[in-house]
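# Topology and contacts: notes
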Amino acid sequence: MGWLRALEGRFIVFDGPDGSGKSTQLARFVAACASAGVEVCEVREPGGTAIGERVRAILLDRHHEGMSLRCEMLLYMASRAQLVEERIRPALAAGRLVLADRFVSSTLAYQGTAGGLSLEDIHAVAGIATGGTMPDLTVVFDVDPQTIIQRTRGEDSRVVRGRGSVAGMKDLFSDRMEDKSADAEFRAKVRRGYLDQAAAQPDRYAVVDATKPPEEVWEQVVKTVRARLAPGA
Ligand code: TMP
């Protein structure tokens with residue numbers, strides 16, 4: 001995996017619906033980079049900074065059912081603004097590889113395509129929040145809603161604390177966003193949101209089939225990132 005060195009100074013986002021397996025694949029990618037001696041700045045959204053984690057708690061708190069969609073969008077962007085300034089931009093400037101679990105693509109899918117806010121408005125606010133620091137590549141983990149339901153049922157049966165059900169049961173451990181994702185129509189729109197983005201910007205996005213077993217998804221991730229960002233390495 002020596003080619004990973006070619007990723008230094010690049011910004012890659014792993015994104016997709018809840019339950020797509022993106023975070024597991026991201027952890028594996030970080031581990032592969034560490035083995036190859038590539039310095040990585042790993043971040044997650046919302047959160048990733050002390051301020052951002054406070055914003056995350058507000059966003060995911062199930063007591064905040066009355067939060068307006070615009071407030072929600074701006075809070076995700078506020079967390080992002082802090083993350084870019086405090087962690088992402090300095091890391092890129094130092095030549096590190098930045099790997100992010102979610103970014104603007106999540107807001108476009110969840111608050112835009114699924115929520116109903118205009119994509120133009122979200123792009124405009126994103127420009128202010130990020131100051132133009134945008135990913136070189138966004139890897140979308142595409143998975144059909146049925147597979148997500150099956151995976152989440154598996155989690156439910158093991159009573160995994162902190163994860164909620166997208167199968168329709170509002171259990172004790174789910175958060176406010178997972179409650180939203182329990183709606184089948186919302187889930188389908190989120191998925192379409194990601195696929196639309198990828199279709200509109202094929203040079204900046206890549207889609208992997210995340211319904212496949214984790215090992216196969218991993219092979220797709222490695223192949224895709226290498227082909228896009230380290231073709232000659
Ligand atoms: P996570 O489960 O990947 O940590 O993400 C938290 C939730 O926030 C998840 O349901 C997706 C949602 N989300 C948005 O709706 N908009 C955003 O901009 C981001 C970053 C996340």
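Structure shown above.
Calculation rules
Residues numbered from 1 in each chain as written. Predicted model: local features only at pLDDT ≥ 70, side-chain atom pairs only at ≥ 80, totals over all residues. Heavy atoms only, no water. Salt bridge = Lys/Arg side-chain N within 4 Å of Asp/Glu carboxyl O. Helix = DSSP H or I, 4+ residues; strand = E, 2+ residues; numbered from the N terminus. Buried < 20%, exposed > 50% of the residue type's maximum accessible area, 1.4 Å probe, protein only. Axes fitted to C-alpha atoms, helices over the stretch in contact; angles between N-to-C directions. Parallel < 35°, antiparallel > 145°, perpendicular 65-115°, else oblique. Left-handed = near helix turned anticlockwise from the far one by under 90°. Contact = heavy atoms within 4.5 Å. Nonpolar A, V, L, I, M, F, W, Y, C, P; charged D, E, K, R; others polar. Phe/Tyr/Trp six-rings, centres within 6.5 Å; stacked < 30°, edge-to-face > 60°. Lys NZ or Arg CZ within 6 Å of the ring centre and 35° of its normal. Near = heavy atom within 4 Å. Polar contact = N/O pair within 3.5 Å; in protein donor to acceptor, adjacent residues only side chain to side chain. Areas by Shrake-Rupley, 256 points an atom, 1.4 Å probe, with all protein chains shown as cover.

## Quick notes on the pattern of salt bridges
Summed over all chains, the structure comprises 16 salt bridges. Of the charged contacts, one joins Asp-15 and Arg-102 as a salt bridge, the two residues approaching to 3.2 Å between their closest N and O atoms. Of the two residues, Asp-15 is situated in strand E1 (residues 11–15) and Arg-102 in the loop between strand E3 (97–101) and helix H4 (104–114); the sequence distance between them amounts to 87 residues. You can call Asp-15 buried: its relative accessible area is 0%. Its relative accessible area of 11% is what places Arg-102 among the buried residues. Overlapping salt bridges, with partners in common, bring together Asp-15, Asp-18 and Arg-102 in one network.

## Some details on the packing of helix H1 (residues 22–35) against helix H9 (residues 214–229)
Contact geometry of H1 with H9 gives a least axis separation of 11 Å together with a crossing angle of 55 degrees. One way to sum up the angle between H1 and H9 is to call them oblique. Helix-helix and strand crossings are classified by hand; for H1 and H9 the assignment is right-handed. Contacts between H1 and H9 involve Gln-25, Arg-28, Phe-29 and Ala-32 from the first element and Pro-214, Glu-215, Val-217, Trp-218, Val-221 and Val-225 from the second.

## Side note on the packing of H4 against helix H5 (residues 119–130)
At a minimum axis separation of 10 Å, H4 and H5 run at an interaxial angle of 150 degrees. With respect to H5, the axis of H4 lies roughly antiparallel. The handedness of the crossing between H4 and H5 is right-handed. The residues of H5 that touch H4, namely those facing Val-104, Thr-107, Leu-108, Gln-111, Gly-112 and Thr-113, are Leu-119, Ile-122, His-123, Ala-126 and Thr-130. Per-class residue counts for the contact of H4 with H5 are five nonpolar, six polar and no charged.

## Some remarks on the packing of aromatic side chains
In this structure the tally under the stated criterion is six aromatic pairs. Residues Phe-14 and Phe-29 carry aromatic rings whose centres are separated by 5.8 Å and whose planes lie at 70 degrees to one another, so their mutual orientation is edge-to-face. With Phe-14 in strand E1 and Phe-29 in helix H1, this pair connects stretches of sequence that are 15 residues apart. For the pair Phe-14 and Phe-29, a shared accessibility class is recorded, and that class is buried. An aromatic cluster of three or more residues is present, and its members are Phe-14, Phe-29, Phe-141 and Trp-218. The ring of Phe-103 is capped by Arg-80, whose NZ or CZ atom sits 5.4 Å from the centre of that ring.

## Some remarks on the site of the ligand
Surveying the vicinity of the ligand reveals 13 residues, the closest of which are Asp-18, Tyr-76, Arg-102, Thr-107 and Gln-111. At 2.9 Å, a side-chain N or O of Arg-56 approaches an oxygen atom of the ligand. Here the ligand, which alone exposes 470 Å², has 95% of that area covered by the protein. Elements represented by at least two residues in the shell around the ligand include exactly helix H3 (69–93) and H4. By residue number, the principal contributor to the shell around the ligand is H4, which donates four residues.

## What to know about unusual backbone geometry
With the exception of glycine, most residues fall at negative phi, and the peptide bonds are largely trans. The residue after Glu-45, namely Pro-46, is reached through a cis peptide bond having omega -15 degrees. Relative to the helices and strands, Pro-46 resides in the loop between strand E2 (40–44) and helix H2 (50–60). Of note, Arg-102 is a non-glycine position whose phi angle comes to about 80 degrees, a positive value.

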